[in-house]
Amino acid sequence: MRPDGRQNHDIRPIIIEPDFIRYPEGSVLYRAGDTVVLCNASVLDRTAPFLRGSGEGWVTAEYAMLPRATDTRSDREVTRGKQSGRSQEIQRLIGRSLRAAVNRGELGERTLAIDCDVLQADGSTRTASISGGWIALVLALCRMNEQGLLGEWPITNQIAAVAVGLIGGEARADLDYGEDFDCDVDLNLVFTGDGNLIEVQGTAEGRSFSRDQLSALLDIGWQGAQQVMTKQREVVAPRLEAIGLEMP
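Quick caveat: nothing in here was measured; it's all calculated off a predicted structure.

*Asks:* For this particular structure, what's the right way to read helix H3 (residues 125-146)?
*Replies:* Since the α-helix turns once every 3.6 residues, residues separated by three or four places project in the same direction. With 22 residues, H3 extends 31 Å from end C-alpha to end C-alpha; this agrees with the ideal 32 Å at 1.5 Å per step. Across the 22 residues of H3, 19 count as buried, placing the element largely inside the fold. Positive backbone phi, at 75°, marks Gly148, one or two positions downstream of H3.

*Asks:* Just to check I follow, could you spell out the packing of H3 against helix H5 (residues 211-242) for this structure?
*Replies:* Geometry of a packed helix pair, given as the angle between the helix axes and the separation of the axes. With their axes 10 Å apart at the nearest point, H3 and H5 run at an angle of 10° to one another. Compared by their axis directions, H3 and H5 come out roughly parallel. Counted together, Ser131, Trp134, Ile135, Val138, Leu139 and Cys142 of H3 and Val228, Gln232, Val235, Val236, Arg239 and Leu240 of H5 form the full contact between these two elements. A class-by-class count of the residues in the contact of H3 with H5 yields nine nonpolar, two polar and one charged.

*Asks:* Sorry, what's going on with the sheet that holds strand E7 (residues 170-173) here?
*Replies:* Sheet strands pair via backbone hydrogen bonds, and the direction of the pair is either parallel or antiparallel. Read across the sheet, four strands follow the order E7-E6-E8-E9 without closing on themselves; strand pairing throughout is antiparallel. Edge positions in the sheet fall to E7 and strand E9 (197-204), since each has one partner strand and no second. The sheet shows a mean angle of 20° between the axes of neighbouring strands, taken without regard to direction. This element, helix H2 (residues 85-99), spans strand E6 (159-167), strand E8 (185-192) and E9 of the sheet and lies at about 150° to E9. Sitting on the sheet, H3 touches E6, E8 and E9, and the angle it makes with E6 is about 160°.

Rules behind the numbers
- Residues numbered from 1 in each chain as written.
- Predicted model: local features only at pLDDT ≥ 70, side-chain atom pairs only at ≥ 80, totals over all residues.
- Heavy atoms only, no water.
- Helix = DSSP H or I, 4+ residues; strand = E, 2+ residues; numbered from the N terminus.
- Expected span 1.5 Å × (residues − 1).
- Buried < 20%, exposed > 50% of the residue type's maximum accessible area, 1.4 Å probe, protein only.
- Axes fitted to C-alpha atoms, helices over the stretch in contact; angles between N-to-C directions.
- Parallel < 35°, antiparallel > 145°, perpendicular 65-115°, else oblique.
- Contact = heavy atoms within 4.5 Å.
- Nonpolar A, V, L, I, M, F, W, Y, C, P; charged D, E, K, R; others polar.
- Pairing = 2+ DSSP bridges.

In structure tokens:
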């Protein structure tokens, strides 16, 4: 039994508040246990510079933590004058993951910018950002569809992410901060709705791990991702149904 009473395959309780901010085309407050991330999706009337003239759109992401998202205050990165390597790496992961959800040829020369701001951090903030960011992305595209800006519906995949770890030889899904700190192996997994993998980020802490252990982590990660996807569908499916569309 884990410190919070969960079974190894169980994720933390997820609470999703859509339309949390009035102004973005898509907005979600995403809670996974004590990790809280605000995900806003904005539609910009320009594509990436290298795609100009192609008719193709782009999906990108930015990631940041509030100064007091953790138990001690951190300076804002803008105050330091430089974004941290960690933030750059995480926002590139979010962008890569969400681009796998979209047929960008249907966007026109527009950019969907997903801003993920961590309000409170208790582990797995990057995976919460991806899972919440996908919802914000879909809500923004629903708005575009209502405005007649889309020819064909561009969402091709449901995307969910989960952090897993090996602790005392046990594979566990959706690590909180304490588990992440203590784990022997840490993986961040990004899945599509049909169980395929978009990204595997992982490392061993102090000792190597076997292929069997890797398989166990992948299996429990998929169990966790399916639970995340169920919560995503509760928010997104009614919106899609209202405009005559179905989940991918």
